[in-house]
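One-letter residues, chain by chain:
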Amino acid sequence: MSKRRPDTEPQELDQHAFGSIEQFGRDAATEIGKGFSLFRLALKNMGTYAWMNVKMCLTFACLAFLICLFTVYNAAINQRKTEFERDSASANLMITQSATAASLIEERWPNAKKDLYYLHNFSSDISARFGVGGKFLGDSSFFVLEVEGEQYAASKSVSFCTVAHPEEAYFTQGDQTELESRFGESSFFLTGEYPAEKEDIALGLPLLEAYRLEPDDVMGKTISVYLKDPRDGKPPLSFQFSGKVSGVVREEFYSLTGHKDTNMRPSFFMRYENDFFKDKRLVRYRYILPDWPTYEEYRTWKQSFTDTTFLYAGLTSVDKVDVLNSLQILATNLYIIVGSALGVGLVLTVFLMIDKYIKVFARSGGILLSVGMRRSQLFGLLFLQLFLLCVAAIPLSFVFTIGGYFVINLLVKWITDISLSIAFRKLVKMLFLGVLVVIGIAFAFFAYAIICIRNRTIKDYLGVVID
């Protein structure tokens, strides 16, 4: 019986597939006889057409980089915005002493949380007694602090702001959020607690430091406050108030963004019922906003409240929040417009490259089928080669993404003075997402390749013409 001639002479085959065709035939037959390794064959095939595989790998890496960069950048902006809002949470509130302004605020922001507290203004006491103008709310140089009969004078200036509020409600939820976010503390008190009884008083740590006292020196003891004229050597003292110390507010509270203004940095905390606040008290209406405003909205407020005393504590923060919102909008638009265009371009590039890739693989596949490889194994080889390309693209996409993010972060910091950051765990998650998308696209092309070659004969494989 005569042997069937091959439909295509060996001399007509691609002499670059796995080296010479004779050597490849012997290698493939030997491998199959041993129970060959698809992995080894995949590496040989990819090495033979190294430049084509490098281009495919770079294209996959660029596609992953594009997806990862925009995803990571948006995640970094969201994280920075969230962090900044938490780190400035105590400042997103408005304060006014005018009932008219309070009515306007309630009309415009019905969802704002409202409460009020009392302040005592010592400047009028100082002016009436000594005929000199004191700083608003009083300066420590005008006061003597007495602890169980022993008197102390201030060694440095500190505001004598005194507030009254029911229970612990003077501290807002924003104060709590920022305290935990910036300082990792859950309690406003270094020791003790908020005044629970009518005559109880809580003190701020900066006040004690100004009078060279420690929390242990005053806790549970009765203190008295006297007004004096600092111009005299031994001035007469005028009693102001006294009470039992129930707690000491930690120093971190005074570093909160919303407590940089003098009349929001109380040294003494009392209850509404305290007799000291029956006279000479100032009412403050406080409104905690549910959302951060834009800087333009803030300017509109100022114009609306020109005839009233109005304070927005977040003035120094709202501008950065506004910038972060603008960056987020810009990033989203870039992702939709530029990112989509580049993504489509890269996918089309992969499509054009995969077409040639299929032809080259088909020629090699014909040789493998002719020496005994099954079709299922051939399809497995194609699957493995595309998978290896994706695996090789992963570290490249990581390097591209981190480098691109670093450059963009430098530009954003240079233009806006805002430094973006992202948690490492979230960064890895975003990169993993980008890689999954690229692998999905690669295997979509694998499915396309299988459709193209599944019904071909060995003769068809060997006869493929490569452009």
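Residues numbered from 1 in each chain as written. Predicted model: local features only at pLDDT ≥ 70, side-chain atom pairs only at ≥ 80, totals over all residues. Heavy atoms only, no water.

### Section: the overall build of the protein chain
Next, step 1: Of regular secondary structure, the protein chain possesses 13 helices and twelve strands.
Next, step 2: Relative to its 467 residues, the protein chain shows a buried fraction of 48%.
Next, step 3: Within the protein chain, counting contacts between residues at least 6 apart in sequence, those at least 24 apart form 80% of the total.
Next, step 4: Accessible surface, the protein chain: about 23100 Å² in total, of which carbon and sulfur atoms supply 56%. (Helix = DSSP H or I, 4+ residues; strand = E, 2+ residues; numbered from the N terminus. Buried < 20%, exposed > 50% of the residue type's maximum accessible area, 1.4 Å probe, protein only. Contact = heavy atoms within 4.5 Å. Areas by Shrake-Rupley, 256 points an atom, 1.4 Å probe, with all protein chains shown as cover.)

### Let's talk about a negative patch on the surface
Next, step 1: Residues Glu150, Glu209, Glu214, Asp216, Asp217 and Glu251 make up a contiguous surface patch of negative charge.
Next, step 2: As for its placement among the helices and strands, Asp216 is situated in helix α8 (residues 215-218). (Patch = residues over 30% accessible without salt bridge, like charges linked within 9 Å, V, L, I, M, F, W, Y side chains within 5 Å. Salt bridge = Lys/Arg side-chain N within 4 Å of Asp/Glu carboxyl O. Lys, Arg positive; Asp, Glu negative; His and termini not counted. Charge placed at Lys NZ, Arg CZ, Asp CG, Glu CD.)

### Looking at the state of the cysteines
Next, step 1: Counting across every chain of the model gives zero disulfides.
Next, step 2: Considering cysteine sulfurs only, Cys57 is the nearest to Cys62, which forms no disulfide, with 9.5 Å between them. (Disulfide = S-S within 2.5 Å.)

### Thoughts on the packing of aromatic side chains
Next, step 1: For the coordinates displayed, the defined rule picks out 24 aromatic pairs.
Next, step 2: Taken together, a centroid distance of 6.3 Å and an interplanar angle of 80° make the contact between Phe122 and Phe160 edge-to-face. Taken together, the residues span a long stretch of sequence, with Phe122 in helix α5 (residues 122-130) and Phe160 in the loop between β4 (150-153) and β5 (162-164) at a distance of 38 residues.
Next, step 3: The exposure class assigned to Phe160 is buried, which follows from its relative accessible area of 0%.
Next, step 4: With a centroid separation of 5.9 Å and 90° between ring planes, the pair formed by Phe171 and Phe189 is classed as edge-to-face. Placement of Phe171 in the loop between β5 and α6 (173-183) and of Phe189 in strand β6 (residues 189-192) is noted, with a sequence separation of 18 residues between them.
Next, step 5: Since its relative accessible area comes to 6%, Phe189 is described here as buried.
Next, step 6: Through successive ring pairs, a cluster of aromatic residues spans Tyr117, Tyr170, Phe171, Phe188, Phe189, Tyr194, Phe253, Tyr254 and Phe269.
Next, step 7: When the ring centre of Tyr118 is taken as reference, the NZ or CZ atom of Arg281 above it lies at 4.1 Å. (Phe/Tyr/Trp six-rings, centres within 6.5 Å; stacked < 30°, edge-to-face > 60°. Lys NZ or Arg CZ within 6 Å of the ring centre and 35° of its normal.)

### A word on the environment of Pro293
Next, step 1: As for its position among the elements, Pro293 is in the loop between β11 (281-288) and α9 (295-304).
Next, step 2: Spatially, the C-alpha atom of Pro293 lies 8.4 Å from that of Val321, the residues being 28 residues apart in sequence.
Next, step 3: Setting aside its immediate chain neighbours within four residues, Pro293 contacts Asn92, Trp301, Tyr312 and Val318.

### Let's talk about α5
Next, step 1: Among the residues making up α5, those that are buried are Phe122, Ser123, Asp125, Ile126 and Phe130. Down the axis of α5, the sector holding all buried residues measures 160°, keeping them to one side.
Next, step 2: On its buried side, α5 packs onto β2 (113-120), β3 (143-147), β5, β8 (222-227) and β9 (238-249). (Arc of directions from axis to C-beta.)

### Examining the nonpolar core
Next, step 1: In this structure, Phe171, Phe253, Phe269, Tyr312 and Leu420 are the most contacted members of the largest nonpolar core, which totals 55 residues.
Next, step 2: Of all the elements, helix α3 (residues 50-87) adds the most residues to this core, at eight residues.
Next, step 3: Residues contacting Tyr312, with those up to four places away along its chain left out, are Ala91, Asn92, Leu93, Met94, Leu289, Trp292, Pro293, Tyr298, Trp301 and Val318.
Next, step 4: Within the second largest apolar cluster, 46 residues are counted, among which are Val360, Ile441, Phe443 and Ala449. (Core = buried A, V, L, I, M, F, W, Y, C linked by side-chain atoms within 4.5 Å.)

### Observations concerning a nonpolar patch on the surface
Next, step 1: Together, Leu330, Leu334, Tyr335, Ile336, Ile337, Val338 and Leu342 make up a nonpolar patch on the protein surface, roughly 630 Å² of accessible area in all.
Next, step 2: When its relative accessible area of 36% is taken as the criterion, Tyr335 is described as partly exposed.

### Here we look at unusual backbone geometry
Next, step 1: For Glu148, which is not glycine, the phi dihedral falls at a positive 50°.
Next, step 2: Mapping Glu148 onto the fold places it in the loop between β3 and β4.
Next, step 3: Here Arg212, not a glycine, exhibits a phi torsion of approximately 55°, which is positive.
Next, step 4: Checked against the element boundaries, Arg212 lands in the loop between α7 (205-210) and α8.

### Digging into the environment of Ile408
Next, step 1: Tracing the chain through its elements places Ile408 in helix α11 (residues 375-416).
Next, step 2: The sequence separation of Ile408 and Leu69 amounts to 339 residues, and the corresponding C-alpha distance is 9.8 Å.

### Thoughts on the pairing of β4
Next, step 1: Examined bridge by bridge, β3 and β4 share four bridges and lie antiparallel to one another. Of the residues in β4, the one forming a bridge with Glu146 is Gln151. (Pairing = 2+ DSSP bridges.)

### What to know about the side chain of Gln176
Next, step 1: The topology assignment puts Gln176 in helix α6.
Next, step 2: Classification of Gln176 as buried rests on a relative accessible area of 18%.
Next, step 3: Apart from residues no more than four positions distant in its own chain, Gln176 is found in contact with Glu185, Ser186 and Phe188.

### So, the environment of Ala362
Next, step 1: You can see Ala362 is positioned in helix α10 (residues 315-370).
Next, step 2: In this structure Ala362 comes out as buried when scored by relative accessible area, which is 0%.

### Describing the pairing of β9
Next, step 1: When you tally the buried positions in β9, you get nine out of twelve residues, the bulk of the element.
Next, step 2: With three bridges connecting them, β6 and β9 associate as antiparallel partners. Looking at the pairing, Phe189 lines up with Val249 of β9.
Next, step 3: Relative to β9, β8 runs antiparallel, the two sharing six bridges. Along β9, the bridge assignment pairs Tyr226 with Phe239.

### Focus: the side chain of Arg80
Next, step 1: Tracing the backbone through its elements, the reader meets Arg80 in helix α3.
Next, step 2: Lacking a salt bridge, the buried Arg80 has Glu83 as its closest oppositely charged neighbour, with an N-O distance of 4.2 Å.
Next, step 3: Among residues more than four places away in sequence, those in contact with Arg80 are Leu324, Ile418, Ser419 and Leu420.

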